[in-house]
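# A closer look at the structure
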Amino acid sequence: MNLEFTTEELAFQNEVRQWFAENVPASLRSRADNGQMPNRDEQHGWEQVLGRKGWLVVGWSAQHGGPGWTATQRYIFDLERARAGAPPVSPFGVSMVGPVICAFGSAEQKQQHLPGIISGNVHWCQGYSEPNAGSDLASLKTAAVLDGDHYVVNGQKIWTTQAHWADWCFCLVRTDSSVKQQQGISFLLINMNTPGIEIRPIHSIDGHHHLNEVYFTDVRVPVENLVGSEGMGWTIAKFLLTHERTTIAGVADSKREIERLKQMLKDTKQGNGSRWDDPFARRRVAELEIDLAALEYTNFRTVAATEEGMGLGAESSGLKIKGTELQQAITQAMVELGGHLSLTWDNSEPVGSFAFNRTRERYNFLRAATIYGGTNEIQKNVIAKMLLGL
Ligand SMILES: Cc1cc2nc3c(=O)[nH]c(=O)nc-3n(C[C@H](O)[C@H](O)[C@H](O)COP(=O)(O)OP(=O)(O)OC[C@H]3O[C@@H](n4cnc5c(N)ncnc54)[C@H](O)[C@@H]3O)c2cc1C
């Protein structure tokens, strides 16, 4: 495996770096410098900027309106995106339902939905999890019953990220209870303005509102919003899970966060010098950098395999486990090395451009990283089954 970028790839990296330098709004950079997530207007506004440039759906083929980049180009793009302080794009349209519609959608569905995703003008959420169907997703109960040319949907989804920001929801629903669990599931596109949908907020431990409960009471959904055929939902859900995994490890953002930690240590006075002079702090950062380097090289292997057209299975589970463990370890180091400065109410010491007292939000939010996207225990089960044959 050649780990050097080619001349063309280096030129691409320069082009992308320059574009980000000129186009990432100052407000987004400032949020990234403080470890904060953008609000709705900032996130949607940024996605529209990317959409206008044709750089929002970077994993899509040219045939469907993407730039048709290689896996290496996508990887470079993500590195430069994080380096410039731009947030990851919301995955629900771009990496989830968009590729599903490209692969399984009717001509009408493609015409109706793809342009809004490519431009960043239409926003989606993912209605999979239910109160008793998370890891055991196949036991979901939200029912869609055919009534003339509509499905009537009743049930409840939970943990629906950005449902309160979304125009549409892609939902797994039960259309048949008489067959094996997986065979009775279908994939429906539901307009969030349809009467009968109620969104209730869930405030998470970082103090923000990202998550929701979504209730469906006699919600009428036109049959033409069914993707594929009835009973295909499980096949589509599995396809969605294996799509675009080259950035699942979150290497780009972890790199930026380690640099941010170093800068915070350098900017924080200690005695006659800074906290960066403390060998314990430098050792802690070095350990994180070693883990990141190992993860990055594993990720390169995934990128190379994707480039050669190989599907990914257990590898992406491994990357998800190590990537999320590292994200948590970085924020834990930030909080611990910041000491009393990491307390949100402590503004006692002047700091440079980065503030330890902002580390709490990200630390708290990332406790969920080992849960969302399929828990790490479930990923270990996947590895046991696919690699070890257990
Ligand atoms: C921040 C956040 C955002 C989310 N966003 C969305 C979203 O937008 N849309 C959506 O549909 N869902 C979303 N989810 C839901 C997420 O997918 C589920 O939380 C996850 O799949 C786990 O399901 P659960 O919460 O029901 O936990 P459970 O499945 O009940 O698991 C509880 C514990 O038991 C363990 N466990 C369960 N089964 C096994 C097993 N077979 N072997 C070993 N251990 C097991 C789990 O690992 C976990 O530790 C989000 C969750 C979070 C935290």
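Criteria and thresholds
Every chain begins its residue count from 1, and numbering advances along the sequence as written. Restriction of local features to residues with pLDDT of at least 70 applies here, the model being predicted, together with a cutoff of 80 or more for giving and counting side-chain atom pairs; totals for whole chains, interfaces and linings are based on all residues. To obtain the side-chain values, all non-hydrogen atoms of the structure were included, while hydrogens and water were left out. UniProt positions are given in the numbering used here, feature names are shortened, and annotations may be inferred rather than shown by experiment. One heavy atom within 4 Å of a molecule or strand is enough for the residue carrying it to be called near that molecule or strand. Within 3.5 Å is the distance limit for a polar contact, defined as a pair of N or O atoms, with the added protein rule that one can donate a hydrogen and the other accept it, and that residues adjacent in sequence qualify only through two side-chain atoms. The accessible surface values rely on the Shrake-Rupley method and a 1.4 Å probe; as for residues, cover is taken only from the protein chains in view. What counts as a helix is a DSSP run of H or I of at least four residues, what counts as a strand is a run of E of at least two, and both are numbered from the N terminus. A domain assignment, automatic or from a database, supplies the domain bounds used here. When checking whether two residues touch, look at their non-hydrogen atoms; a contact exists if any pair is within 4.5 Å. Reported buried area values correspond to the accessible surface (1.4 Å probe) lost by two parts on association, with both partners' losses combined. The distinction between a cavity and a pocket rests on a 1 Å grid over the protein atoms alone: a 1.4 Å probe fits inside a cavity but cannot get out, while a pocket stays open yet meets protein on both sides within 12 Å along at least five of seven lines, and a residue with an atom within 4 Å of a point counts as lining. Grid points are joined across faces, edges and corners, and a volume is the space filled by probe spheres set on the points. Note on residue categories: nonpolar means Ala, Val, Leu, Ile, Met, Phe, Trp, Tyr, Cys or Pro, charged means Asp, Glu, Lys or Arg, and polar means any other residue, Gly included. Side-chain atoms within 4.5 Å link the members of a nonpolar core, which is a set of buried Ala, Val, Leu, Ile, Met, Phe, Trp, Tyr and Cys residues. The buried label goes to any residue with under 20% of its type's maximum accessible area, the exposed label to any with over 50%, and the partly exposed label to all in between, with areas taken from a 1.4 Å probe on protein chains only.

In the annotation of an unreviewed UniProt entry, the entry for the protein reads Alkylation response protein AidB-like acyl-CoA dehydrogenase, and the organism field reads Fluviicoccus keumensis. For the record of the protein, the UniProt heading Cofactor (unreviewed entry) holds the text "FAD".

Moving on, we get to the site of the ligand. Around the ligand sit 17 residues, and of these Ser 129, Ser 135, Thr 161, Thr 375 and Glu 377 come closest. Note that a nitrogen atom of the ligand is positioned 2.9 Å from one of the backbone N or O atoms of Trp 159. Burial of the ligand by the protein amounts to 65% of the accessible area it has alone, namely 960 Å². At 3 residues, helix α12 (residues 376-386) tops the list of elements feeding residues into the shell around the ligand.

What follows deals with the domain arrangement of the protein. For the protein, the domain assignment lists domain 1 (7-89), domain 2 (124-232) and domain 3 (245-386). For domain 1 versus domain 2, the distance between C-alpha centres works out to 30 Å. Counting residues at the interface gives 6 residues for domain 1 and 4 residues for domain 2. The contact between domain 1 and domain 2 buries some 360 Å² in all, and 67% of this surface belongs to carbon and sulfur atoms.

For Trp 159, which is not glycine, the phi torsion reads 65° and is therefore positive. Residue position: Trp 159 is located in the loop between β3 (150-158) and β4 (168-174). The phi dihedral of Gln 162 falls on the positive side, at around 60°, and the residue is not glycine. Of note, Gln 162 is situated in the loop between β3 and β4.

With that out of the way, let us pick up the UniProt feature "domain: Acyl-CoA dehydrogenase/oxidase N-terminal" (unreviewed entry) in the protein. UniProt marks residues 6-120 with the feature "domain: Acyl-CoA dehydrogenase/oxidase N-terminal" (unreviewed entry), using the numbering shown here. Between the end C-alpha atoms of residues 6-120 there is a gap of 31 Å, over a span that is 69% helix and 0% strand.

Here we come to empty space enclosed by the protein. Following the criterion strictly, the structure yields 2 cavities of 30 Å³ or more and no others. Of the volumes computed, that of the largest cavity is approximately 110 Å³. Around the largest cavity sit 15 residues that line it, and Glu 47, Ser 90, Val 122, His 123 and Trp 124 are the ones nearest its centre. Those elements that place two or more of their residues in the lining of the largest cavity are α3 (40-53) and α5 (91-104). Top contributing element to the lining of the largest cavity by residue count: α5, with 3 residues. Here the residues of the lining of the largest cavity sort into 8 nonpolar, 6 polar and 1 charged. Taken together, domain 1 (7-89) and domain 2 (124-232) each give at least three residues to the lining of the largest cavity, which thus spans both. Counted as a void, the second largest cavity has a volume near 40 Å³.

Along the chain, Lys 262 turns up in helix α8 (residues 251-267). Sequence-distant contacts of Lys 262, that is, excluding residues within four places in its chain, are made with Trp 276, Val 285 and Glu 289.

What follows is about the UniProt feature "domain: Acyl-CoA oxidase/dehydrogenase middle" (unreviewed entry) in the protein. On the UniProt side, "domain: Acyl-CoA oxidase/dehydrogenase middle" (unreviewed entry) is annotated at positions that read residues 125-219 here. Secondary structure across residues 125-219 comprises 0% helix and 52% strand; the distance between its end C-alpha atoms is 17 Å.

Glancing now at the nonpolar core. Core analysis: the biggest nonpolar cluster contains 42 residues, and Phe 20, Phe 170, Phe 187 and Leu 189 have the highest contact counts within it. Looking at this core element by element, the count peaks at 7 residues for α5. Of the domains in this structure, domain 1 (7-89) and domain 2 (124-232) are the two that each give at least three residues to this core. Non-local contacts of Phe 170, meaning those with residues more than four positions away in its chain, are made with Phe 92, Met 96, Val 97, Trp 124, Cys 125, Gln 126, Gly 127, Tyr 128, Phe 187, Leu 188, Leu 189 and Leu 240. Judged by nonpolar contacts, the second largest core, of 27 residues, contains Leu 288, Leu 319, Ile 330 and Leu 341.

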